[in-house]
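Observations on chain architecture
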Amino acid sequence: MSRSAHPAGPRHADVLPEGHYAGPPADLNTLDPRVWSRTVQRNADGVVTVGGLDVTALAEEFGTPAYFLDEDDFRARCRAWKDAFGPGADVFYAGKAFLSRAIVRWLHEEGLNLDVCSGGELATALAAGMPAERIALHGNNKSTEEITRAVEAGVGRIVLDSFQEIVRVAHIAERLGKRQRVQIRVTVGVEAHTHEFIATAHEDQKFGIALAGGQAAEAVRRALKLDGLELIGIHSHIGSQIFDMAGFEVSARRVVQLLTEVRDEHGIELPEIDLGGGLGIAYTSDDDPREPHEIAAALGDIVARECAAAGLAVPRLSVEPGRAIVGPTAFTLYEVGTVKELEGLRTYVSVDGGMSDNIRTALYDAEYSVALVSRTSDAEPMLSRVVGKHCESGDIVVRDAFLPADVAPGDLLAVPATGAYCRAMASNYNHSLRPPVVAVRNGAARVIVRRETEEDLLRLDVG
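Bear in mind that the values here come from a model prediction, so they are computed numbers and not experimental data.

1. Regarding the overall build of the chain
Helices and strands together make up the secondary structure of the chain, namely 12 helices and 21 strands. Relative to the compact-globule value of 23 Å for 463 residues, the chain shows a C-alpha radius of gyration of 23 Å, a close match. With the C-alpha coordinates aligned to their principal axes, the bounding extent of the chain is approximately 70 × 50 × 40 Å. A burial count over the chain gives 56% of its 463 residues as buried. Within the chain, contacts between residues at least 6 apart in sequence are counted, and of these 71% link residues at least 24 apart. When the accessible surface of the chain is split by element, carbon and sulfur atoms take 49% of a total near 19300 Å². Of note, the chain has its 47 positive side-chain charges centred 5 Å away from the centre of its 67 negative side-chain charges.

2. What to know about the packing of aromatic side chains
Tallying each qualifying case throughout the model produces 7 aromatic pairs. With a centroid separation of 6.2 Å and an interplanar angle of 65°, the aromatic rings of phenylalanine 62 and phenylalanine 68 are classed as edge-to-face. On the basis of relative accessibility, which here comes to 13%, the residue phenylalanine 62 falls in the buried class. Put simply, the rings of Trp36, Phe62, Phe68 and Phe331 pair up and form one aromatic cluster.

3. Here we look at the sheet that holds strand β2 (residues 48–50)
Strands in a sheet are paired, the pairing made by backbone hydrogen bonds, and the direction either parallel or antiparallel. As summarised here, the arrangement of the 3 strands in space is β1-β2-β3, forming an open sheet in which the pairing is antiparallel. Of all the strands in the sheet, the pair left with one neighbour each is β1 (41–42) and β3 (53–54). Summarising the sheet, β2 and β3 pair through 2 bridges and their orientation is antiparallel. Across the sheet, residue threonine 49 finds its bridge partner in β3, namely aspartate 54.

4. Looking at the pattern of salt bridges
Enumeration according to the criterion identifies 30 salt bridges in this entry. With a shortest N-O distance of 3.3 Å, aspartate 274 and arginine 157 are connected by a salt bridge. Here the residue aspartate 274 occupies a position in strand β12 (residues 272–274), and arginine 157 occupies one in strand β8 (residues 157–160), the gap between them amounting to 117 residues. As far as burial versus exposure is concerned, aspartate 274 and arginine 157 are alike and both buried. With a closest N to O distance of 2.8 Å, arginine 346 and aspartate 400 form a salt bridge. Residue arginine 346 is located in strand β15 (residues 346–351), and its partner aspartate 400 is located in strand β18 (residues 396–404); the two are separated by 54 residues in the primary sequence. Each of the two residues, arginine 346 as well as aspartate 400, counts as buried.

5. Quick notes on the side chain of threonine 260
Here threonine 260 lies in helix α8 (residues 246–266). Leave out the neighbours within four places in its chain, and threonine 260 touches Ala310 and Leu312.

6. Let's talk about the pairing of strand β6 (residues 113–116)
Going residue by residue along β6, you find Asn113 and Asp115 tucked away on one face and Leu114 and Val116 tucked away on the opposite face as well. The β-α-β motif built from strand β5 (residues 89–94), the intervening helix α3 (residues 101–110) and the parallel element β6 has right-handed crossover chirality. In the sheet, β6 pairs with strand β7 (residues 135–137) via 3 bridges, with the strands oriented parallel. When the bridges of β7 are listed, aspartate 115 appears paired with alanine 136. With helix α4 (residues 119–127) bridging β6 and its parallel neighbour β7, the resulting β-α-β unit is right-handed.

7. Observations regarding the pairing of strand β20 (residues 437–441)
Burial of β20 is extensive: 4 of the 5 residues sit out of reach of the surface. Relative to strand β21 (residues 444–449), β20 runs antiparallel, the two sharing 5 bridges. Bridge pairing links valine 438 to valine 447 in β21. Once β20 ends, the chain turns through 2 residues before running back antiparallel as β21, passing asparagine 442 with a positive phi of about 50°.

8. Looking at the nonpolar core
Soluble globular proteins tend to bury their nonpolar side chains together. Counting 108 residues, the largest nonpolar core has Phe74, Phe85, Tyr93, Ile158, Ile184 and Leu413 as the members making the most contacts within it. In contact with phenylalanine 85, not counting residues within four places along its chain, are Val91, Pro292, Ile295, Ala296, Leu299, Leu317 and Val319. Core analysis: the next-biggest nonpolar cluster, separate from the first, contains 22 residues, Val47, Leu58, Leu333 and Val438 among them.

9. Considering unusual backbone geometry
Here threonine 64 and proline 65 are connected by a cis peptide whose omega angle stands at -10°. You can see proline 65 is positioned in the loop between α1 (55–62) and β4 (66–70). One non-glycine residue, aspartate 365, lies in the positive phi region at around 60°. Positionally, aspartate 365 belongs in the loop between α11 (360–364) and β16 (371–372).

Calculation notes
For every chain, the first residue of the written sequence is number 1, and numbering continues from 1 onward in sequence order. In keeping with the model being predicted, local features are shown solely for residues with a pLDDT of at least 70 and side-chain atom pairs are shown and tallied solely at 80 or more, while totals for entire chains, interfaces and linings include all residues. Excluding hydrogens and water, the side-chain figures rest on all heavy atoms present in the structure. Helix and strand assignments follow DSSP, with helices taken as H or I runs no shorter than four residues and strands as E runs no shorter than two, numbered in order from the N terminus. Two things to know: the radius of gyration comes from C-alpha atoms, and the globule rule equals 2.2 Å times the number of residues to the power 0.38. For the exposure calls, accessible area comes from a 1.4 Å probe over protein chains only, and a residue counts as buried if that area is under 20% of its type's maximum, exposed if over 50%, partly exposed in between. The contact criterion used is simple: two residues touch if any of their non-hydrogen atoms lie within 4.5 Å. Note on areas: Shrake-Rupley, 1.4 Å probe, and residue coverage restricted to the protein chains presented here. We treat Lys and Arg as the positive residues and Asp and Glu as the negative residues; His and chain ends play no part in the count. The atoms used to mark charge sites are NZ of Lys, CZ of Arg, CG of Asp and CD of Glu. Each Phe, Tyr or Trp ring, with Trp reduced to its six-membered ring, pairs with another whose centre is within 6.5 Å; inter-plane angles below 30 degrees give stacked pairs, above 60 give edge-to-face pairs, and intermediate values give tilted ones. By definition, two strands form a pair when at least two bridges between them are found by DSSP. A pairing counts as a salt bridge when a side-chain nitrogen of Lys or Arg comes within 4 Å of a carboxyl oxygen of Asp or Glu. The path from the first strand over the helix to the second decides the hand: if it runs clockwise while the strands point away from the viewer, the crossover is right-handed. Among buried residues, those of type Ala, Val, Leu, Ile, Met, Phe, Trp, Tyr and Cys that are joined through side-chain atoms within 4.5 Å constitute a nonpolar core.

Any functional reading would require information that these geometric values do not contain.
This is how it looks when you write it as structure tokens:
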């Protein structure tokens, strides 16, 4: 199985065959702009800076491990997505990638909508002032309490994920005297080229209602009969970390076919379709993601072509980038604690974080880059495995990387492209304290999610 497909399997400490990894870069001090956020660079002293602040000063002030988020980069990516799709489409930021009140405010200011998938995410969105009509609620098993709060707040759409949920949302809306705008999430039988655990559109998985066997068509029939629901469209999501647009073409074709069947049976044309998110980012220099304007043009052409062939008016298009916006905007800063050479194999470089702040390597076999950022080095490249401090052999941050051979305790390492799913999936494994998220912009840094304390841990432990 290809490494770029994030193969599954707990291959925690295996010795991989020679040639598995690429050779070292020509210069270990170079920072690939495809992987790092836009304001990251090295200063004249060789120290990496972000937003005009050097990492040694940031580490001294905020400690390590910590996530440093480039606010200018985040805002620029929001604008790029909004401008690419234009006024005739909707861009929903997928909050599951990373959400905080500051993020919500930035989204609001940059004109993006917000997709949430839990009561906690909804509460964060509302607390930060996101207008409810610009919020969409997802989830395969929304509780009665979550649905009630969403309907009461007036969210712009709820994405229905099962036959039971169709009735549940309709009942709650009717009881509250409202008519809730909804979409039906369908599984279109497309398996994106990705890790099995994050490929979501083939039938054998928990999300959505299958097109196969007429189930999605039946869901439409049921939704149209219920007074508490206003069916506005169809939703599809085919996976994550996708670079190839072919899957979206197949998905769009099948969604438009369902719209055609709805028109022919019910005499209505549903006004919206949502093709989800899942667009990939560059975790390493080998990744080659598409730019928002390329994605917008491709998706727009696909939908327009399929609708023209079916004789349908082109519906309003929605997309849901999460990782593609926040992923490249942040890096995680660590301090090296121990360096352990295994002769003939590799050198293990242990840092002060690990799987509690980035579970993705252990969970998905995800690949990351890493760089020595507190100084430059002319030492020879050393095949390294960057590992964490947790009591787990699978506690790997970067499986295969080249670092300078003189890397030593006290050095600072940074792992880029950790804005998505790292803080969101962080844990207290080994009773670790989850790191802070620090926003950096124009020479100033501020904490937007503070570091946990031992008091935080003990406060929940009621004894």
